[in-house]
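# Understanding the architecture of this molecule
So the chains spell out like this:
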Amino acid sequence: MTDSALSAVSTRPKSRLPAMWNRLRRNPVTFGALTVIVVLALVAILAPVIAPFDPDATDPAVALEGPSWRNLLGTDVYGRDQLSRLIFAARLDLIVPCCATMAALVVGALIGALSGYRGGWMDQLIMRMVEAVLAFPALVLAMGLTAALGNSIGNIILTLAITQVPIYIRLIRGEMLRVREMEYAEAARAVGNPPWRIVLVHLLPNCIPPLIVQATLAMGFALLTMAALSFLGLGIRPPDSEWGEMTAEGANHMVTGEWWLFVFPGLAVMITVLAFNLVGDGLRDFLDPRMRGVR
Amino acid sequence: MSLALYILRRLMSVVPTLFGVTLISFFLTYVLPGNPALVKAGPLATPEYLAEIERKMGLDQPVWVQYGRYVGGLFRGDLGESSATGRPVLQDFLQRLPATLELTLASLILAVLIGVPLGVLSAVHRDTIVDHLGRIVGVAGVAMPTFWTGLLFIYVFFYVVGWAPPPLGRLASGLSPPTSITGLYVIDSLLTANWPALWSSLGQLALPAFTLAFSVMAPLARMVRATMLEILQSDYITAAWAAGLPRRRVIGDALRNALIPVITTIGVVFGFLMAGNAVVETVFAWPGIGHYAVTALMTKDSGPIQSFVLFVAIMYVIVNLVVDLLYGLVDPRVRLG
């Protein structure tokens, strides 16, 4: 009896997070991508220090000029420096998807845990709802939501979160079904822990690594969705500025040959999404080595 | 499980999903955007007039009665009215649907024609330069915003090189559309031997179709590669190698079996395409339902956009249902599972 209790304790999986970080450091692609994310975050935080110009300062004398040593990424129709504008826009482009992802992760994990641990009719009901939401492509649902709610920044965060929640619910529910039958869960029950404590303290922490992978990949996807929304005029709108919205503005100048106004904001979106996807892929390879090189 | 039972069960499984989908769409249309009666009555309406309109619209009824009416309306094809065009949304939709279908089908075909061979090549030449290149292109392709890809294509192929026609609609200005048979210009002009229209519609279609195809090519190639790898490692392929069958033959056999699971991914790909449609149609001024919905938004006309959202979800559910049924027909293991 004592033996099996002891082995139940020792078979509890150790935290995989430090090992995850170790592997991250060793893979050059993943590490490079992670560096890009850190640099982007620093750029966003230190925007007033880094930006060479005031992003809103107009200067008709240099309006619509291509990339030069003075304005590395050119100027827009009001003579505003595009590099500075991109640097300041990075703030919204990072913080909005980040808030949305965090909110969706917490809500989705809790609902998913409840659904998977309790099972029964509630689980059935929740899963049917998840299927219904997933029948809407993310961008299309986001269009409908922002059209109905209005596109304040808070509503855009809410919208992006709603499109993501079902993914976490599904993920955590599946994980719960797996871990709730494990020995350590049995042991936690046997000692008389209340269900909420078993789920929150004993089971959920073991589901965190796949959750992190999913959240990293979702960050990129949320940014893409937000940029597309803003491009369509349904997301962030002037005077607030964001890369998708800047691309839309820049597209108006394409026919007169001012390519830098739409190329660079889109490039910023692509680099950021690419970085998040590569980090997510790297983390997934670590968690599931069987899939390495397959997917 | 018999085939009939399988089909029946799969059909029944759609019911709760469709119920959920219409419920969400109902909330988006009627519950969220403030008081629709107020919007209709205008800001200067007296309270009595407002109450009158509310009664007419059934807004004084309990929510579940309103939902019942909403679904009843959907069954009769009532998607509401567009306040901008003043016409039923369904009518506007049907008029623009062929444009969307043409674009979606063309990009689906392009994506399959390019994505599948790419995935097979990567799997067969696993861990060689071909595989790595394919992977890099795929990873970059997924990260590119669709609207940006479209703009880049326009800039390069229309503005710089001058190969593509101006990105405005389905036909060059001055040409009249071919006699309508299917509503798809390429097919109609082929059937009526209208060569100028065929040439022009193909030219107009090329860039938007490539843009849309580009957004789904990478995930498609990735899925093909994964399935192909799995099959190449299976016992019967090892046996085929051991028996000394020629390389072409072995890979051909593997490919045939890899394509069956790929069919199921078409459902997922279709979802991506529908999401990309609104963006690509806007970039290329393509007169389809996505463009219609986005334009309606500019004038705060929420009827068309909510109908578009509902329409896309229902299409998605139906396409996945059909794909599953086909899969069940082709692969008996699915029915048994």
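Computed from a predicted structure; not experimentally measured. (Residues numbered from 1 in each chain as written. Chains lettered and ligands numbered in written order. Predicted model: local features only at pLDDT ≥ 70, side-chain atom pairs only at ≥ 80, totals over all residues.)

Glancing now at the overall build of chain B. Counting its regular elements, chain B contains 14 helices and 0 strands. Along the chain direction, N to C, the helices and strands of chain B fall in the order α-α-α-α-α-α-α-α-α-α-α-α-α-α. For the C-alpha atoms alone, the extent of chain B along its principal axes is close to 85 × 55 × 40 Å. Split into buried and exposed, the 337 residues of chain B put 37% on the buried side. Taking contacts inside chain B between residues at least 6 apart in sequence as the whole, the part at least 24 apart equals 68%. (Helix = DSSP H or I, 4+ residues; strand = E, 2+ residues; numbered from the N terminus. Buried ≥ 20, exposed ≤ 12 C-beta atoms within 10 Å, placed from the backbone. Contact = placed C-beta atoms within 7 Å.)

This part covers the overall build of chain A. The number of helices and strands found in chain A is 13 helices and 0 strands. Ordered by position from N to C terminus, the α and β elements of chain A give α-α-α-α-α-α-α-α-α-α-α-α-α. Across its three principal axes, chain A shows a C-alpha extent of roughly 85 × 45 × 35 Å. Looking at chain A as a whole, 47% of its 295 residues are labelled buried. Of the contacts formed within chain A by residues at least 6 apart in sequence, a portion of 69% connects residues at least 24 apart.

Our focus in this paragraph is the interface of chain A and chain B. Facing the 42 residues of chain A at the interface are 43 residues of chain B. Going through the elements one at a time, α6 (120-134), α7 (138-149), α11 (208-231), α12 (243-251) and α13 (260-287) of chain A are the ones with two or more residues in the side of chain A that touches chain B.

For the rest of this paragraph, the subject is unusual backbone geometry. Here the residue pair A:Pro238 and A:Pro239 is connected by a cis peptide bond, since its omega of 10° sits within 30 degrees of zero. Assignment of secondary structure puts A:Pro239 in the loop between α11 and α12. With a phi close to 55°, B:Ala193 is a non-glycine residue in the positive phi region. With respect to the helices and strands, the residue B:Ala193 is situated in the loop between α8 (185-191) and α9 (195-232). For B:Ala193, a count of 9 C-beta atoms within 10 Å puts it in the exposed group. With a phi close to 50°, B:Ala285 is a non-glycine residue in the positive phi region. Topologically, B:Ala285 is positioned in the loop between α11 (247-283) and α12 (289-298). By the C-beta count within 10 Å, which is 14 here, B:Ala285 ends up partly exposed.

Residue and element names in this part refer to chain B. With 93% of its residues at a pLDDT of at least 70, chain B reaches an overall mean of 83. Taking the mean pLDDT of every element in chain B, the minimum, 60, falls on helix α2 (residues 36-41) and the maximum, 93, on helix α7 (residues 146-160). Scoring of the predicted complex yields 0.88 for pTM and 0.87 for ipTM. (pLDDT = per-residue confidence, 0-100.)

Our next topic: the environment of A:Leu110. For A:Leu110, the position within the fold is in helix α5 (residues 82-118). For the pair A:Leu110 and A:Ala132, spaced 22 residues apart in the sequence, the C-alpha separation amounts to 19 Å.

Time to look at the packing of α7(A) against helix α13 (residues 302-330) of chain B. Angle between the axes and distance between the axes are the two parameters that describe a pair of packed helices. In the contact formed by α7(A) and α13(B), the axes pass within 9 Å of each other and the chain directions differ by 150°. One element, α7(A), and the other, α13(B), form an angle in the roughly antiparallel class. Judged by the sense of rotation from one axis to the other, the crossing of α7(A) with α13(B) is left-handed. Two secondary-structure elements touch here, α7(A) through A:Val140, A:Leu141, A:Met143, A:Gly144, A:Ala147 and A:Ala148 and α13(B) through B:Ser302, B:Ile305, B:Gln306, B:Val309 and B:Val312. Within the contact of α7(A) with α13(B), the residues separate by chemical class into 8 nonpolar, 3 polar and no charged. (Axes fitted to C-alpha atoms, helices over the stretch in contact; angles between N-to-C directions. Parallel < 35°, antiparallel > 145°, perpendicular 65-115°, else oblique. Left-handed = near helix turned anticlockwise from the far one by under 90°. Nonpolar A, V, L, I, M, F, W, Y, C, P; charged D, E, K, R; others polar.)

Residue and element names in this part refer to chain B. Along the chain, Ala226 turns up in helix α9. Owing to 18 C-beta atoms within 10 Å, Ala226 belongs among the partly exposed residues under this scheme. Distance in space between the C-alpha atoms of Ala226 and Ser122 is 9.5 Å, their sequence separation being 104 residues.

All names here are of chain A. Closest axis-to-axis distance for the α6/helix α8 (residues 153-179) pair is 9 Å, and the angle between their directions is 140°. In terms of axis orientation, α6 runs oblique to α8. In terms of crossing hand, the pair formed by α6 and α8 is left-handed. Packed against α6, whose contacting residues are Ile126, Val130, Val133 and Leu134, the element α8 presents Pro166, Ile169 and Arg170 at the interface.

The subject of this paragraph is helix α6 (residues 129-143) of chain B. All names here are of chain B. Helix length check: α6, at 15 residues, gives a terminal C-alpha distance of 21 Å against a target of 21 Å (1.5 Å per residue), a fit within 8%. Those residues of α6 that fall on the buried side of the exposure criterion are Gly134, Gly138, Val142 and Ala143. The arc that holds every buried residue of α6, seen down its axis, measures 160°, which confines them to one face. Turned more than 90 degrees away from the buried face of α6, the exposed residues are Ile129, His132 and Ile136. (Expected span 1.5 Å × (residues − 1). Arc of directions from axis to C-beta.)

If you look at the biggest cluster of nonpolar residues, it comprises 159 residues, and the most contacted ones within it are A:Val140, A:Met143 and B:Val309. If we ignore the near neighbours within four places in the chain, the residues touching B:Val309 are A:Phe136, A:Val140, A:Leu141, A:Met143, A:Gly144, B:Ser25 and B:Leu28. (Core = buried A, V, L, I, M, F, W, Y, C linked by C-beta atoms within 7 Å.)

Residues and elements named next belong to chain A. Given a rise of 1.5 Å per residue, 37 residues ought to cover 54 Å, and the 53 Å separating the end C-alpha atoms of α5 matches this to within 8%. The largest bend in α5 comes to about 30°, at Ala89. A positive phi of about 65° marks Gly119, the residue just after α5. (Bend = angle between axes of the 7 residues up to and from the residue.)

As a further point, take the environment of B:Gln204. Looking at the element boundaries, B:Gln204 is found in helix α9. Judged by C-beta crowding, with 24 C-beta atoms within 10 Å, B:Gln204 ranks as buried.

Residues and elements named next belong to chain A. With 91% of its residues at a pLDDT of at least 70, chain A reaches an overall mean of 86. Note on residues 1-12: pLDDT under 50 across the span, and 7 contacts to partners over four residues away in sequence or across chains. Within the model, pLDDT remains below 50 along residues 291-295, and this stretch shows 8 contacts once partners closer than five positions in the same chain are excluded.

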